Protein chains: 2
Amino acid sequence: MSHKTDIEIARAANKKPIQEIGQKLGIPTEHLLPYGHDKAKVGQEFINELESRPDGKLILVTAINPTPAGEGKTTTTVGLGDGLNAIGKKAAIAIREASLGPNFGMKGGAAGGGYAQVVPMEDMNLHFTGDFHAITSAHNLLSAMIDNHIYWGNSLEIDERRITWRRVMDMNDRALRDMVVGLGGVSNGFARQTGFDITVASEVMAILCLAQDLDDLQQRLGDIIVAYTRERTPITCRQIGADGAMTVLLRDAMQPNLVQTLENNPAFVHGGPFANIAHGCNSLIATRTALKLADYVVTEAGFGADLGAEKFMNIKCRKGGIAPSVVVLVATVRAMKMNGGVAKEDLGTENVEAVRAGCANLGRHIENMKSFGVPVVVAINHFVTDTEAEVEAIKAYVAEHGSEAILARHWAEGSAGITELATRVAEIADKDSAHFAPLYADDMGLFAKIETIAKRIYRADEVLADKKIRDQLRAWEEAGFGHLPICMAKTQYSFSTDPSLRGAPTGHSVPVREVRLSAGAGFVVVICGEIMTMPGLPSKPAAMSIGLNAAGEVEGLF
Amino acid sequence: MSHKTDIEIARAANKKPIQEIGQKLGIPTEHLLPYGHDKAKVGQEFINELESRPDGKLILVTAINPTPAGEGKTTTTVGLGDGLNAIGKKAAIAIREASLGPNFGMKGGAAGGGYAQVVPMEDMNLHFTGDFHAITSAHNLLSAMIDNHIYWGNSLEIDERRITWRRVMDMNDRALRDMVVGLGGVSNGFARQTGFDITVASEVMAILCLAQDLDDLQQRLGDIIVAYTRERTPITCRQIGADGAMTVLLRDAMQPNLVQTLENNPAFVHGGPFANIAHGCNSLIATRTALKLADYVVTEAGFGADLGAEKFMNIKCRKGGIAPSVVVLVATVRAMKMNGGVAKEDLGTENVEAVRAGCANLGRHIENMKSFGVPVVVAINHFVTDTEAEVEAIKAYVAEHGSEAILARHWAEGSAGITELATRVAEIADKDSAHFAPLYADDMGLFAKIETIAKRIYRADEVLADKKIRDQLRAWEEAGFGHLPICMAKTQYSFSTDPSLRGAPTGHSVPVREVRLSAGAGFVVVICGEIMTMPGLPSKPAAMSIGLNAAGEVEGLF
């Protein structure tokens with residue numbers, strides 16, 4: 001058991017040259033584009049050559065609804081990847097990149113924790129290989145070209161009040177949420193109201209993470225609807241003429257990044273779309289590349305299984321032609337206790353009854369995941385204060401619900417603490433017992449798709465949406481967008497739309513506040529509640545204590 | 001003589017792995033941080049170890065006042081570097097990075113031309129190693145923290161009308177020049193007017209290019225004045241608490257980038273400040289690193305010698321403790337003709353008289369450069385339509401003015417066409433005949449410094465500045481900024497402030513419109529005329545024809 005901090009452990013890592021990590025997956029050095037000695041991109045040409053290879057087994061790590069206690073989903077993803085390697089399997093992990101801006105607000109930003117981390121941690125929380133900067137540039141080029149089109153005569157007859165395409169910045173900057181641009185006279189264009197979102201909320205991010213290849217990328221970028229005319233005719237990025245230049249800006253960013261775990265196993269870290277207004281998974285191209293190169297690929301989805309895994313299944317798997325062989329559902333004793341009504345300050349005290357009560361949340365996620373036709377294993381991510389009785393309470397509950405729970409100590413012990421889980425997960429995956437199917441068919445109506453998710457996953461009684469919203473959905477169906485999947489944007493803290501409603505609520509309603517069409521990404525966003533697409537900084541931002549120490553190391557970022 | 005385009009020549013380049021280029025300068029592979037196979041950063045630790053080594057000879061390439069005919073300053077810098085290597089010298093070049101945004105407006109962006117280019121050309125015109133993105137992030141973090149400070153109570157009592165720190169984006173986006181942010185109610189902050197500049201205009205860019213090391217970088221970032229109180233007390237970046245986090249964001253960007261010429265010689269490409277409101281040279285750290293590693297370093301300054309070389313001498317050399325051994329002044333027959341009154345469409349016809357008449361501009365630049373105590377050689381950058389008589393006219397004129405002119409055919413022939421110039425430049429440098437001194441002393445008054453530049457370099461009769469401006473300069477002197485050098489921002493097309501006044505005008509006045517204090521960069525900006533810090537896109541932006549071709553190559557960018 002270690003008492004080192006995550007950053008101390010990460011700095012003590014015995015990193016291998018990234019070429020050696022690539023060799024584990026059979027990537028020739030010339031196809032590995034290095035960024036420093038410990039990061040690389042896998043070359044597009046090499047990826048193209050992999051097409052005919054068989055896929056490895058895909059393992060999805062998801063979790064119960066998050067609580068302030070923390071679940072350790074990424075930590076478990078990393079640990080499981082190391083565990084599979086430790087038992088002799090050829091395994092890789094595939095996770096999201098971190099957004100730069102939020103690091104300057106609250107502390108945070110590690111990729112995993114304890115002895116289950118991905119390195120180099122500093123780089124991954126700073127510019128990494130520049131992917132998000134490329135997305136910012138591509139997004140804002142389109143923005144500039146829209147205003148420029150209007151400036152030079154507006155031949156497309158864009159209604160300046162109906163420009164839906166905003167600008168983005170990878171920074172928490174609330175002052176940019178709502179603004180009037182184009183002030184200062186004739187030479188600066190036409191004044192109009194707009195704003196900035198944070199880069200991870202850009203549709204370009206979602207597109208990069210769902211595109212099959214560069215051609216598909218350009219096609220999807222071209223399909224983005226950026227504005228409407230007075231007659232409500234959509235205007236696309238293709239009509240603005242930005243799709244080619246945006247593709248050029250994103251060419252390098254489309255290549256997946258390879259780094260390593262503390263145990264020198266390969267980790268793909270690529271893309272990072274919002275998990276509310278977008279689908280919240282790492283890029284399809286990274287997952288598919290990993291599946292071609294490794295026998296087992298451990299990946300994760302954002303938030304809890306009701307939001308993240310649902311979208312992983314219904315959006316990413318459906319559109320990407322991939323399917324999980326097994327789902328690992330992460331739970332902790334502490335989170336079960338919180339779901340069972342225990343306050344955060346009392347989590348250190350044994351409370352088997354509360355654990356048992358809180359298991360209702362876990363139980364429903366197990367049922368939900370099974371409804372996709374995929375076997376489920378629960379990973380109990382061990383915490384130092386957990387008692388044996390508490391752990392046994394979870395195991396018993398899960399067994400009663402027709403699944404199995406395995407204790408994992410990867411945070412404290414690395415791969416040595418997770419071999420039992422790794423062994424069992426590999427066994428299940430090898431059995432090929434999954435019969436994955438998305439929850440709804442492409443040809444179901446858009447509103448019916450929303451109802452299906454709300455009733456079958458959230459266990460709500462009804463979806464509330466006023467006539468304007470239902471009319472909008474019908475209009476999109478008529479315009480040829482009815483086949484798209486749904487991207488739900490609701491609170492991650494509850495099955496319901498009320499963040500305080502923990503456990504396994506029933507009988508609730510799902511009110512739809514707004515719907516948005518992401519025609520390029522290829523989904524309809526359904527917004528239930530307030531969604532913030534540009535965060536602000538707190539009164540004492542983390543940035544105030546971030547700096548280089550005497551050794552030239554970054555302090556305060558973690 | 002080739003008829004290939006620049007991009008065709010660049011694509012046909014036989015690039016060597018960047019490690020081999022580093023080896024030419026004795027950079028161990030572990031200290032070369034690769035970005036792909038053909039770009040790298042030189043590690044800070046290695047740079048720190050070089051301190052005690054002797055410096056090589058610094059060769060400054062500058063030019064006559066630019067004309068639409070083009071002078072080929074970068075082409076000559078690259079060619080001369082190759083030429084020096086060809087005659088057996090250990091030489092490197094040091095030039096600026098390109099700004100991303102303008103590439104989407106007009107075509108352009110090559111680094112050099114013909115057979116004197118730096119590669120990889122595409123990357124250098126796209127994200128390169130991410131330096132400018134890092135500068136954008138660092139700049140905008142400070143911006144966000146200023147508004148955040150006000151949002152949370154404004155304990156520093158910043159006057160919202162007197163915030164001088166804007167935001168930046170590496171994009172030509174005129175709609176962002178002037179805007180009102182903070183709209184939308186209480187949770188978005190206080191509405192106020194501000195705007196975006198293009199990234200290369202950021203003071204952070206100028207600071208990165210003048211900082212000696214990371215400590216100096218943080219010191220300078222902290223010194224930036226971002227706003228004033230109602231009582232006109234300056235508020236600095238340090239008071240906002242952003243200097244540490246900005247330094248962290250810029251840590252990698254501070255390391256110089258190494259690429260190669262078409263002839264596989266080392267090229268440092270690092271930093272790119274505006275040449276009007278900033279000093280317009282590549283980074284000091286790149287130049288100094290190059291001087292430690294090579295026997296000869298060829299570098300260049302922005303615009304013509306009146307602006308670029310003056311600032312190179314009075315700002316970069318003064319502050320950086322470096323000095324040129326020789327100045328190479330680039331001229332072309334065509335530019336001489338234009339200075340002599342010939343229209344662009346008639347440049348292909350021999351006109352010796354016009355060449356001779358236009359030489360007045362060249363002659364004054366020779367005198368000016370000599371006044372810094374540095375020997376001058378004129379490089380006549382050969383163009384296919386030049387006649388022998390025209391070339392001889394320039395040579396004769398230069399000889400009459402106590403210098404020498406040498407014809408160079410590097411554009412068409414690479415190093416083979418520039419050995420005479422390279423040999424002579426090396427001879428002069430080896431003689432150590434330069435006695436470099438800046439034009440004015442640190443302790444001269446700010447207005448007197450402006451007058452010195454205007455009278456001795458521009459040959460103006462007077463500097464016109466109203467009382468408000470003179471008072472401002474005095475106030476800065478009293479506040480302890482009187483020792484700073486001057487950064488002139490005026491038209492690059494003339495010695496005067498009137499862009500149509502070619503040749504060697506006298507008797508003119510220099511009207512000062514505005515003065516700005518760049519306390520972090522360490523200079524006082526003196527603005528004479530309209531300076532645009534956020535360009536716009538043309539009616540048919542180059543972006544509309546930029547894209548990937550079937551081979552995956554970038555088309556339309558050049």
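Worth saying up front: this structure is predicted, and the values here are computed from it rather than measured.

Rules used in this analysis
- Residues numbered from 1 in each chain as written.
- Chains lettered and ligands numbered in written order.
- Predicted model: local features only at pLDDT ≥ 70, side-chain atom pairs only at ≥ 80, totals over all residues.
- Heavy atoms only, no water.
- Domains from an automatic or database assignment.
- Contact = heavy atoms within 4.5 Å.
- Buried area = accessible area lost by both parts, 1.4 Å probe.
- Helix = DSSP H or I, 4+ residues; strand = E, 2+ residues; numbered from the N terminus.
- Buried < 20%, exposed > 50% of the residue type's maximum accessible area, 1.4 Å probe, protein only.
- Lys, Arg positive; Asp, Glu negative; His and termini not counted.
- Salt bridge = Lys/Arg side-chain N within 4 Å of Asp/Glu carboxyl O.
- Polar contact = N/O pair within 3.5 Å; in protein donor to acceptor, adjacent residues only side chain to side chain.
- Least-squares fit on C-alpha atoms with pLDDT ≥ 70 in both.
- UniProt positions renumbered as here; feature names shortened; annotations may be inferred.
- Expected span 1.5 Å × (residues − 1).
- Arc of directions from axis to C-beta.
- Pairing = 2+ DSSP bridges.
- Axes fitted to C-alpha atoms, helices over the stretch in contact; angles between N-to-C directions.

Caption draft 1: Structural context of the domain arrangement of chain A. Residues and elements named next belong to chain A. Domain boundaries in chain A define domain 1 (6-129 + 253-431), domain 2 (132-246) and domain 3 (446-528). Using C-alpha coordinates to define each centre, domain 1 is positioned 33 Å away from domain 2. Listed as interface residues are 29 residues of domain 1 and, on the opposing side, 19 residues of domain 2. Across the domain 1 to domain 2 interface the summed buried area is about 1900 Å²; carbon plus sulfur atoms make up 68%.

Caption draft 2: View of the side chain of Glu203 of chain A. All names here are of chain A. With respect to the helices and strands, Glu203 occurs in helix 7 (residues 203-210). Although Glu203 is buried, it makes no salt bridge; Arg220 carries the closest opposite charge, 7.8 Å away. There is a polar contact of 2.8 Å between the side chain of Glu203 and the backbone nitrogen of Gly520. Discounting chain neighbours no more than four positions away, the residues touching Glu203 are Trp165, Ile224, Ser518, Ala519, Gly520 and Ala521.

Caption draft 3: Local environment of the relation of the copies chain A and chain B. Each copy superposes on the other: chain A lies on chain B with an RMSD of 0.1 Å after a rotation of 180° and an axial shift of 0.0 Å. Given the turn and translation reported, the copies of this chain are related as if by a two-fold rotation axis. Within chain A, the C-alpha atom positioned nearest to the axis of rotation is that of Tyr35 of chain A, 2.2 Å from it. A share of 100% of the interface residues of chain A reappears at the interface of chain B, consistent with the copies meeting face to face through the same patch.

Caption draft 4: Just the UniProt feature "binding site: ATP" (unreviewed entry) in chain A, in detail. Residue and element names in this part refer to chain A. The positions UniProt marks with the feature "binding site: ATP" (unreviewed entry) are Thr67, Pro68, Ala69, Gly70, Glu71, Gly72, Lys73 and Thr74. For Ala69, the location among the structural elements is in the loop between strand 3 (57-63) and helix 4 (73-86). According to the relative accessible area criterion, Ala69 is buried, its value standing at 16%. Following the sequence through the fold, Lys73 ends up in helix 4.

Caption draft 5: Structural detail: helix 17 (residues 419-431) of chain A. Residues and elements named next belong to chain A. Here helix 17 spans 18 Å end to end across 13 residues, near enough to the 18 Å set by a 1.5 Å rise per residue. Those residues of helix 17 not exposed but buried are Leu421, Ala422, Val425, Ala426, Ile428 and Ala429. Within helix 17, the buried residues cover an arc of 165° as seen down the axis, which keeps them to one side. Along helix 17, the residues that are exposed and aim more than 90 degrees away from the buried face are Glu420 and Lys431. Positive phi shows up at Asp432, right after helix 17, with a value of about 55°.

Caption draft 6: Region of interest: the sheet that holds strand 21 (residues 486-489) of chain B. Residues and elements named next belong to chain B. Sheet architecture is open: 3 strands sit in the order 21-24-23, paired in mixed fashion. Edge positions in the sheet fall to strand 21 and strand 23 (514-518), since each of these pairs with one other strand and no more. Strand-to-strand, the axes of this sheet are offset by a mean angle of 20°, without reference to chain direction. Two elements, strand 21 and strand 24 (residues 523-527), share 4 bridges in a ladder whose sense is parallel. Paired with Cys487 across the strands is Val525, a residue of strand 24. Here helix 12 (residues 305-320) sits on the sheet in contact with strand 21 and strand 24, set at roughly 170° to strand 21. Its contacts with the sheet put helix 18 (residues 446-456) on strand 21 and strand 24, and the angle it makes with strand 21 is roughly 50°.

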